[in-house]
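Reading the structure
So you can see what is in the structure, the chains are spelled out below.
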Amino acid sequence: MSRPPADRADRAVPVVEAPRVEHHREPLGIGERAPRLSWRIVSAPEGWRQTAYRVNVERDGATTSHESQDPDQGTEQGADQVLVAWPGRPLGSRDVAVVRVAVRGADGAWSAPSPPTTLEAGLLDPADWVARPVGATLNENPNTDDRRPSILRKEFEVRAGLVRARLYATAHGLQEAEINGRRVGADTLAPGWTVYGERLRYATHDVTELLETGANAIGAWLGDGWYRGRLGWRGGFRNVYGDDQSFLAQLELVYADGGREVVPTDWSWRSAPSPILRSGIYDGEDHDARAEQPGWSRAGFDDSAWDGVQERRRDPATLVAPTGPPVRVTQELRPVRLLTGPSGSRILDFGQNLVGRVRMRVSGPAGTTVTLRTAEVLQDGEICTRPLRAARSADIYTLAGRPVEEWEPRFTYHGFRYVEVSGWPGGPGGLDDDVAAGALVARVLHTDLERTGWFTSSDPLLNRLHENVVWSMRGNFVDLPTDCPQRDERIGWTGDLQVFAPTASTLFDVSGMLSGWLRDLAVEQLPDGTVPWFVPVIPAVDKWTPMRPGAAWGDAATLVPWTLYERFGDEGVLRAQFDSARRWVDLVDRLAGPSRLWDTGFQLGDWLDPAAPPEDPADARTDRYLVATAYFARSARTVARMAEVLGLDAEHASYAALADEVAAAFEGAYVAGDGRMSSDAPTAYALALRFGLITDPVLREAAASRLAELVRQADNRIATGFVGTPLVSDALSADGHLDTAYDLLLERDCPSWLYQVEQGATTVWERWDSLLPDGTVNPGQMTSFNHYALGAVADWMHRVVAGLAPDAPGYRRIRFAPRPGGGLTHAAARHLTPYGETSVSWRTEGGELRVEAVVPIGATAVLDLPGAAAEELAPGTHRRTAPLPP
Ligand code: RAM
């Protein structure tokens, strides 16, 4: 046999990427003592598969290595590469470990070790915290929005020989720290929003480079944020978590001689009123640059006129490390137009409904005040702020009179496309020239998740719809999954996330962020098992307080963990949430009683069915108790599956039996002998078909036909709300009505997905007709132009239109099943799975269907083309041609 050419020989060795640690993008300050590891094998010879792996962990200079049991001896363990157990000794606080992975194939040859990943534990024990929350002495009225925030500072010495410095920081309210005049990190709106009383997140920053030998200073900006700022609608509530505004941090210095020093927040810090005059999540920020104190966060600043601080109650047991990435600015957009409204107003159009805030660069006399008011839409040529309800959504900057001033608000964010600018200095033409020169820039912010899913097709409108879903997701994943980003609400409505979680998991790696949010959900769950309408819970009008159990919203407790398991292969999230999930089902079981029908109590049902009147979005075509019982069955089945995965045999059996009983009760109560349902509406059929609640194949076929008939009778206009919309496309395509699913998807008349796109939407709207066909804004009290729920169809576009879906948890097995239709000539999806990148694309050419699919190393796949037998695919690139379906 001849020797392979040199480049072949190079490629004959598998190449492993640096391992990932739990779901962290940057494993600095992690909270896991035994973090699980994952790795992707980016190249390997054809037919290669991992049979063993070796994890090398270097700690404190010492190396330990952990080799999997040899699979050749009959164990499968050696093939695992996703969320593999931490080898060896658990981490202690501040421990650093350098991890490399090598893999072996059946030929017995080891790969080279992967590049290293350095991980570092955070403060894992409450006793590690010596800092106390400190803030200015309270002297303001706790019940107004006009509370001036404070800034805090402290000076300290650093000896020669510093080798590493960490800042562990959090706040009651929001914080941004500076050291020696430079900002610490790029996190925004830290520490985000959790159930602070139980779980207050802290961030860990490497600040070694910011420090100098000798005198140093640390400063912190503070804001009210969610902790004590106004939250909720109809006036809302203040001080939901406390009335203080405090910084809690400890700066830890490590020296070459082994010495350690801590600079904690304590009584010795100083405080002063902030140049921020007021700041609120909903209202925006007022900043008076004349009140800035240059050099305040540098050493040598004279703070003798500053006040002392007050120490606040401290409960270190509540401090937790983040499980997901922080919020950051990820993109900047320049305005595409500068408009003049009929009143003479000047309005920036960013061309995209986005979430973030505006940074300005301005020159003018001291005392000049520039006001920026934001809106998602225009009405009669002016910004339309009615949908914002009681959110002021304005930023007001007063100039100090320096030659050039640059400012961006710190502790607020807005959902907007348009910004009305008033008070801009510089005379006529000044604003036009300055805008042209880039003086006003929109800064897009959201949880800095890794993008994982892409879709494209031959239809530009469909592509825009998909883009809109991505933008709505970005704008509503701002530390927690919110309903909307612009009005006096922006809270973690559980139902919205429940229906959107599959799409979210397709588009971005949400595993870390949502597992954290699910911990909050469990914390907020009532003792009887009730899952709140929104997490974290805030006080609200009596409709929502006290919490009552509601279907589709409460089912977030069961269905979101399951989605994370399916998409990311994380059994740990099932284990962590099992108790919460089963408590929800147990509660519904008690409420339903022996009939197994959940047919009592307050329900939102198929929220925002387009047939519901604007003032009563729950008044849907589908019986709300039908919805409730369908979800009861679905959640019981899901808890049974969770138990099965976790090896809980008794629970598996009992919840499976319960699920069967509920399904039978559902069929008996809501499905007639001819497959017609008591609510003859698309959502009812979609629920029954997708949740497996019609078992008889003849009835099932009749139900699916009736669903297709209803869609046709409505001229393909959508007739589903939050509950039916994520299910209706699958219900059609999986039961023989693919063409109708395409008709529904591609319809452009109101209401439909593409109606929104044709109306110029750049995000997904809350209502099918947030903008009415006559161009006016829907008069409803609740009219957002940025709500992701109705965008849940994007997951179907990936799985069915392009044809890429997980077939085993974490995409260890992939299903390629493109279903061309709707006149599309091309579609493609790409997904970064835990195993590596996979993709599928198809094209119709010369009466044929040409398909290309890529399977990552470590995964297997099945290719299921219309009219062809299913085919197993190994890792690699595969091209197939099939006859076009008729
Ligand atoms: C609205 C929210 C959310 C929905 C609830 C029931 O206020 O925006 O989307 O879940 O109502």
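Presented here is an overview of the structure given in this document. (Residues numbered from 1 in each chain as written. Predicted model: local features only at pLDDT ≥ 70, side-chain atom pairs only at ≥ 80, totals over all residues. Heavy atoms only, no water.)

Some remarks on empty space enclosed by the protein
Applying the stated criterion across every chain yields a total of five cavities of 30 Å³ or more. Computed from the structure, the second largest cavity encloses a volume of approximately 90 Å³. Listing elements by their share of the lining of the second largest cavity, those giving two or more residues are strand 12 (162-172), strand 13 (174-179) and strand 16 (203-206). The greatest single-element share of the lining of the second largest cavity, amounting to three residues, is contributed by strand 13. Residue classes in the lining of the second largest cavity are distributed as six nonpolar, two polar and three charged. (1 Å grid on protein atoms, 1.4 Å probe; cavity = no way out; pocket = protein on both sides within 12 Å on 5 of 7 lines; lining within 4 Å. Points joined across faces, edges and corners; volume = space filled by probe spheres on them. Helix = DSSP H or I, 4+ residues; strand = E, 2+ residues; numbered from the N terminus. Nonpolar A, V, L, I, M, F, W, Y, C, P; charged D, E, K, R; others polar.)

Points about unusual backbone geometry
Between Ala190 and the following residue, Pro191, the backbone shows a cis peptide bond with an omega angle of 10°. If you trace the backbone, Pro191 turns up in the loop between strand 14 (182-183) and strand 15 (200-201). Between Val535 and the following residue, Pro536, the backbone shows a cis peptide bond with an omega angle of -5°. Relative to the assigned elements, Pro536 resides in the loop between helix 6 (511-524) and helix 7 (556-568). Positive phi outside glycine occurs at Asn239, with the angle close to 55°. We note that Asp715 has phi near 55°; this positive angle belongs to a residue other than glycine.

Some details on the pattern of salt bridges
The final tally for this structure, using the stated rule, is 74 salt bridges. Of the charged contacts in the structure, one is a salt bridge between Asp257 and Arg159, with a shortest N-O distance of 3.0 Å. A residue pair is termed long-range when its members are at least 10 positions apart, and Asp257 in the loop between strand 18 (246-255) and strand 19 (260-264) and Arg159 in the loop between strand 11 (150-158) and strand 12 qualify at 98 residues. Judged by relative accessible area, Asp257 falls into the exposed class, the value being 55%. Classification of Arg159 by relative accessible area gives partly exposed; the value is 35%. Arg487 serves as the salt-bridge partner of Asp483, at 3.9 Å between the closest nitrogen and oxygen. Exposure remark for Asp483: the relative accessible area of 2% places this residue in the buried category. A residue is classified by how much of its surface remains accessible, and Arg487, at 1% relative accessible area, is buried. Members of the salt-bridge network, linked through shared partners, are Arg389, Asp483, Arg487, Asp488, Glu489 and Glu766. (Salt bridge = Lys/Arg side-chain N within 4 Å of Asp/Glu carboxyl O. Buried < 20%, exposed > 50% of the residue type's maximum accessible area, 1.4 Å probe, protein only.)

Let's talk about the sheet that holds strand 45 (residues 876-883)
Taken in spatial order, the five strands make up an open sheet running 35-40-41-42-45, and their pairing is antiparallel. At either end of the open sheet lies a strand with only one pairing partner, and these are strand 35 (453-457) and strand 45. Within the sheet, the average angular offset between the axes of one strand and its neighbour, ignoring direction, is 10°. Across seven bridges, strand 41 (residues 836-845) lies against strand 42 (residues 848-855) in antiparallel orientation. (Pairing = 2+ DSSP bridges. Axes fitted to C-alpha atoms, helices over the stretch in contact; angles between N-to-C directions.)

Topic: the pairing of strand 8 (residues 96-105)
Residues in a regular strand project their side chains so that they alternate between the two faces of the sheet. In terms of burial, strand 8 is a largely internal element, eight of the 10 residues being buried. Note that strand 6 (residues 50-59) and strand 8 share nine bridges and pair antiparallel. Across the sheet, the residue bridging to Gln50 is Gly105, located in strand 8. Looking at chain direction, strand 8 and strand 9 (residues 117-121) are connected through four bridges and run antiparallel. Across the sheet, the residue bridging to Val99 is Thr117, located in strand 9.

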